[in-house]
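Inside the fold
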Amino acid sequence: MRTRGAGRLLGREGRRMADAVLFEFLHTEMVAELWAQDPDPGPGGQKMSLSVLEGMGFRVGQALGERLPRETLAFREELDALKFLCKDVWAAVFQKQMDSLRTNHQGTYVLQDHSFPLLIRMASGLQYLEEAPKFLAFTCGLLRGTLSTLGIKSLVTASVAALPSCKFQVVIQRS
Amino acid sequence: MAVCVAVIAKENYPLYIRSVPTENELKFHYMVHTSLDVVDEKISAMGKALVDQRELYLGLLYPTEDYKVYPHTWQWLRVWGFPAVAGLCTVMPCLGLSQSPRIKSVFPNQLCSYGYVTNSKVKFVMVVDSSNTALRDNEIRSMFRKLHNSYTDVMCNPFYNPGDRIQSRAFDGMVTSMMIQARQPRGSCVSWLSLGIAEKVWVGALATHMGCLGLKSTGKEGLKGPLSSQWPRRRD
């Protein structure tokens, strides 16, 4: 049973979980720290920070993919796994569900969030548009990690047209 | 209780396999390996079922009739008398032979293997000795649930790389608690009350004798002090 009171959520066994805003603060500091470490941001330097962030998200996603699914084997096809991402994973991490999921039925999925919690504090519009991608790297890794635990190899990229709305594009890699 | 517990990765290699220390542990490894075929069959059969009916617990995979040899030490002692054995037990450790003389008797041993698969296609296989106690389905399910929860904790451990062998002591402790009852040797325990008076005297003398021997001998491992070679261990 979940109750929302003053931003607190109860975990699945009724354990009180920490306030959601703690993760947002931690994430902001992570991005600031990993960005600031490159005094000479050549083209290779910046990409390395992004891949470090993405790698962190990947490991977290792997653990989430193990812990979150319910008791039954619920993923008969890829679409079920993507729906799980949009509903359960998003709700667990960001306390809301994904706003829209579109697919071309050939392995490409576009997940759209109209008010992404990690961007919502920054701006509402076109200000800070260049800074926005580095705040999405961790989440891309998270999606990729969760899918990898469920047995789906994928490539996840993110794009921002106007804050705080963003799109995550998931391309399934079929080898 | 459980006689062998194995955690198999998605790619069908073992992440963790542990069995009760017996003479022929390889037999359990083979049994787990052959159970994987049955697991794969069940998973593919389940793929066609409705979503609601798909469970993580796969149930009994297959039972085997396995003939196991038992040490029947007490029976031998009654036949040949205690003094001879006392002498032999003194001499044999000095010669480096650790096995006490025994005759073997044959009992059928019912080993059953049960399976469980997670959403990440990690399989748990448990081999259970059901000749003693008939374990109910619910008990097996609860054992698997405990295993699943512990495995999830291992995955969430930042010092664990997914795909490595599981070395977590917490996981080991949980598996030990599931296997602990199986470590008591069956067939070689005889109630004290069933022995005659002369036998009790001999047993007492033998026990004292063996106790004195034990204090004098130091095995290969010796005493484990704080600077033993196992420190520092990996944190878990």
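Residues numbered from 1 in each chain as written. Chains lettered and ligands numbered in written order. Predicted model: local features only at pLDDT ≥ 70, side-chain atom pairs only at ≥ 80, totals over all residues. Heavy atoms only, no water.

1. What about the pattern of salt bridges?
Tallying each qualifying case throughout the model produces eight salt bridges over all chains. R67 of chain A is the partner of D153 of chain B in a salt bridge, and the nearest nitrogen-oxygen pair spans 2.7 Å. Here D153 of chain B is found in helix α4 (residues 137-156), whereas its partner R67 of chain A is found in helix α2 (residues 43-67) on a different chain. Across the pair K96 of chain A and D113 of chain A runs a salt bridge whose closest N-O atoms are separated by 2.3 Å. (Salt bridge = Lys/Arg side-chain N within 4 Å of Asp/Glu carboxyl O. Helix = DSSP H or I, 4+ residues; strand = E, 2+ residues; numbered from the N terminus.)

2. Description of the side chain of S19 of chain B
Residue and element names in this part refer to chain B. Within the fold, S19 resides in strand β2 (residues 14-19). Of the residues examined, S19 reaches a relative accessible area of 8% and is grouped as buried. Within the structure, S19 has its side chain in polar contact with the side chain of E25 (distance 3.1 Å). Ignoring any residue separated from it by four or fewer positions in sequence, one finds S19 in contact with V3, C4, E25, F28 and M179. (Buried < 20%, exposed > 50% of the residue type's maximum accessible area, 1.4 Å probe, protein only. Polar contact = N/O pair within 3.5 Å; in protein donor to acceptor, adjacent residues only side chain to side chain. Contact = heavy atoms within 4.5 Å.)

3. Describing the confidence of the model for chain A
All names here are of chain A. When pLDDT is averaged along chain A, the result is 82, and 81% of the positions lie at 70 or above. Looking across chain A, the model is least confident in α2, with a mean pLDDT of 84, and most confident in helix α5 (residues 137-149), with 93. Confidence over residues 1-11 falls short of pLDDT 50; this stretch has 20 contacts with residues more than four positions distant or in other chains. (pLDDT = per-residue confidence, 0-100.)

4. A few points about the sheet that holds strand β4 (residues 165-172) of chain A
Residues and elements named next belong to chain A. Spatially, the four strands line up as an open sheet ordered β1-β2-β4-β3, and their pairing is antiparallel. Of all the strands in the sheet, the pair left with one neighbour each is β1 (100-103) and β3 (154-162). Between one strand and the next, the sheet's axes are offset by a mean angle of 20 degrees, whatever the strand orientation. Of the strands in this sheet, β1, β2 (108-113) and β4 are in contact with helix α3 (residues 78-94), which crosses β2 at around 15 degrees. The strands touched by α5 within the sheet are β3 and β4, with β3 carrying the most contacts at an inclination of about 150 degrees. (Pairing = 2+ DSSP bridges. Axes fitted to C-alpha atoms, helices over the stretch in contact; angles between N-to-C directions.)

5. What about the pairing of β2 of chain B?
All names here are of chain B. Bridge count between strand β1 (residues 2-8) and β2: five bridges; the pairing is antiparallel. Considered in β2, the bridge of V5 is made with R18. Taking the residues that link successive antiparallel strands as the turn, the β1-β2 hairpin has five residues, and the phi of N12 there is positive, at about 65 degrees.

6. Notes on the environment of Q169 of chain A
Position of Q169 of chain A among the secondary structure elements: in strand β4. The contact partners of Q169 of chain A, leaving out residues within four places of it in the chain, are T108, Y109, V110, L155, V156 and T157 of chain A.

7. Quick notes on helix α5 (residues 169-179) of chain B
Residues and elements named next belong to chain B. Listing the buried residues of α5 in full gives F171, M174, V175, M178 and M179. All buried residues of α5 project into a common sector of 135 degrees when viewed along the axis, lining one side. In the core, the buried residues of α5 are packed alongside β1, β2, β5 (123-129) and α4. Of the residues flanking the start of α5, the one acting as N-cap is S168, its side-chain oxygen 3.2 Å from the backbone nitrogen of A170. (Arc of directions from axis to C-beta.)

8. A short note on the packing of α3 of chain A against α5 of chain A
Residue and element names in this part refer to chain A. Running from N to C, α3 and α5 cross one another at 130 degrees; their axes reach a closest spacing of 11 Å. Considering their axes alone, α3 and α5 lie oblique with respect to each other. The hand of the α3/α5 crossing is right-handed. Contacts from A81, L82, F84, L85, V89, W90, V93 and F94 in α3 reach T139, L142, L143, T146 and L147 in α5. Residue classes in the contact of α3 with α5 are distributed as eleven nonpolar, two polar and no charged. (Parallel < 35°, antiparallel > 145°, perpendicular 65-115°, else oblique. Left-handed = near helix turned anticlockwise from the far one by under 90°. Nonpolar A, V, L, I, M, F, W, Y, C, P; charged D, E, K, R; others polar.)

9. Description of the environment of L126 of chain A
All names here are of chain A. Within the fold, L126 resides in the loop between α4 (117-120) and α5. On the basis of relative accessible area, L126 is assigned to the exposed category, the value being 60%. Sequence separation of L126 and L163 is 37 residues, and the distance between their C-alpha atoms is 6.3 Å. Those residues in contact with L126 that sit more than four places away from it in its chain are A161 and A162.

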